[in-house]
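If you want the building blocks of each chain, they are given just below.
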Amino acid sequence: YAAARQAMLERAKRLCVGVGNVRWILADIRLLRGRVPKGDITICLKVITSPSASARAKLLRGVWDVTKSSGEALVVVPSLESAIEVARGAGERLQCGGSGHWKDESGIVVRDGAAQKFFRREELREVMRQAGFDGCRIHRAWYALSEEFAGGRGTAGKADFLPWDWLVVARKKRRSGR
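Keep in mind it's a predicted model, so treat the numbers as computed, not measured.

Peer 1: Looking at this structure, I do not really get the layout of surface pockets. What am I missing?
Peer 2: One way to see where empty space is left: roll a probe the size of a water molecule over the atoms. Within this model, the second largest pocket holds a volume of roughly 240 Å³. Every residue lining the second largest pocket is counted, 13 residues in all, and those nearest its centre are Ala 53, Ala 57, Leu 60, Val 127 and Gln 130. Of all the elements in the fold, those that place two or more residues in the lining of the second largest pocket are α2 (53-65) and α4 (121-130). A total of 5 residues in the lining of the second largest pocket trace back to one element, the largest contributor, which is α2. Here the lining of the second largest pocket is composed, by residue class, of 6 nonpolar, 1 polar and 6 charged.

Peer 1: Looking at this model, I keep getting lost on the sheet that holds strand β2 (residues 67-78). Mind explaining?
Peer 2: In a beta sheet, neighbouring strands are held together by backbone hydrogen bonds and run either parallel or antiparallel to one another. With mixed pairing, the 4 strands of this open sheet are ordered in space as β1-β2-β6-β5. The open sheet terminates on both sides in strands that have one partner only, identified here as β1 (39-45) and β5 (133-142). Neighbour-to-neighbour, the strand axes of the sheet open up by a mean angle of 15°, direction not taken into account. Pairing between β5 and strand β6 (residues 164-172): 8 bridges, direction antiparallel. Counterpart to Arg 137 in the pairing with β6 is Val 169. Against the sheet, α4 makes contact with β2, β5 and β6, and its axis sits at roughly 145° relative to β5, the strand it touches most.

Peer 1: Looking at this structure, how should I read α2?
Peer 2: Taking 1.5 Å of rise per residue, 13 residues should cover 18 Å, and α2 covers 18 Å from first to last C-alpha, within 8% of that figure. Buried residues of α2: Arg 56, Leu 59, Leu 60, Gly 62, Val 63, Trp 64 and Asp 65, and no others.

Peer 1: Please explain the pattern of salt bridges as it appears in this structure.
Peer 2: Any two side chains of opposite charge can pair, on the condition that their charged atoms come close. Tallied over the full model, the rule gives 9 salt bridges. Two residues, Lys 68 and Asp 40, come together in a salt bridge whose shortest N-O distance is 3.6 Å. Here the residue Lys 68 occupies a position in strand β2, and Asp 40 occupies one in strand β1, the gap between them amounting to 28 residues. Classification of Asp 40 by relative accessible area gives partly exposed; the value is 46%.

About the criteria used
Residues numbered from 1 in each chain as written. Predicted model: local features only at pLDDT ≥ 70, side-chain atom pairs only at ≥ 80, totals over all residues. Heavy atoms only, no water. 1 Å grid on protein atoms, 1.4 Å probe; cavity = no way out; pocket = protein on both sides within 12 Å on 5 of 7 lines; lining within 4 Å. Points joined across faces, edges and corners; volume = space filled by probe spheres on them. Helix = DSSP H or I, 4+ residues; strand = E, 2+ residues; numbered from the N terminus. Nonpolar A, V, L, I, M, F, W, Y, C, P; charged D, E, K, R; others polar. Pairing = 2+ DSSP bridges. Axes fitted to C-alpha atoms, helices over the stretch in contact; angles between N-to-C directions. Contact = heavy atoms within 4.5 Å. Expected span 1.5 Å × (residues − 1). Buried < 20%, exposed > 50% of the residue type's maximum accessible area, 1.4 Å probe, protein only. Salt bridge = Lys/Arg side-chain N within 4 Å of Asp/Glu carboxyl O.

What follows is the structure, encoded as structure tokens:
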């Protein structure tokens, strides 16, 4: 993933040539507190995915810590609704949590032996509120179905379906409102 993250950062830099007052940082959000100036906009792409609720809370706290007061965070997380549709379309069973059933409320999805947190849209607003953000705007961020399966497995005949992640834009609340 390191190469993909670096490629995304380089692409963003190219697309934003001429934009002033930008500091591009690719780093572990947990290690940044007090080490970098706070930003008006903090972007966190597919990082808040640990199966551990406490680890996710720490990561979101890191986003809150490096975002200026009244600044905004753009957070992208996997969509449980999309994962359910992808599994159905591929004729596979989505493995969630310990139950192995997609209705498992944890949203922990096991793929290729790795557990990762996927979010339902309605839970994101509350997760962000608990992390100290409000004014959430939640959108779908579509991507190619072929990215879901190694070698395009399960994509035949499904050209009209695009899976999505959740893209959340939220404003940092002042500490007293947390």
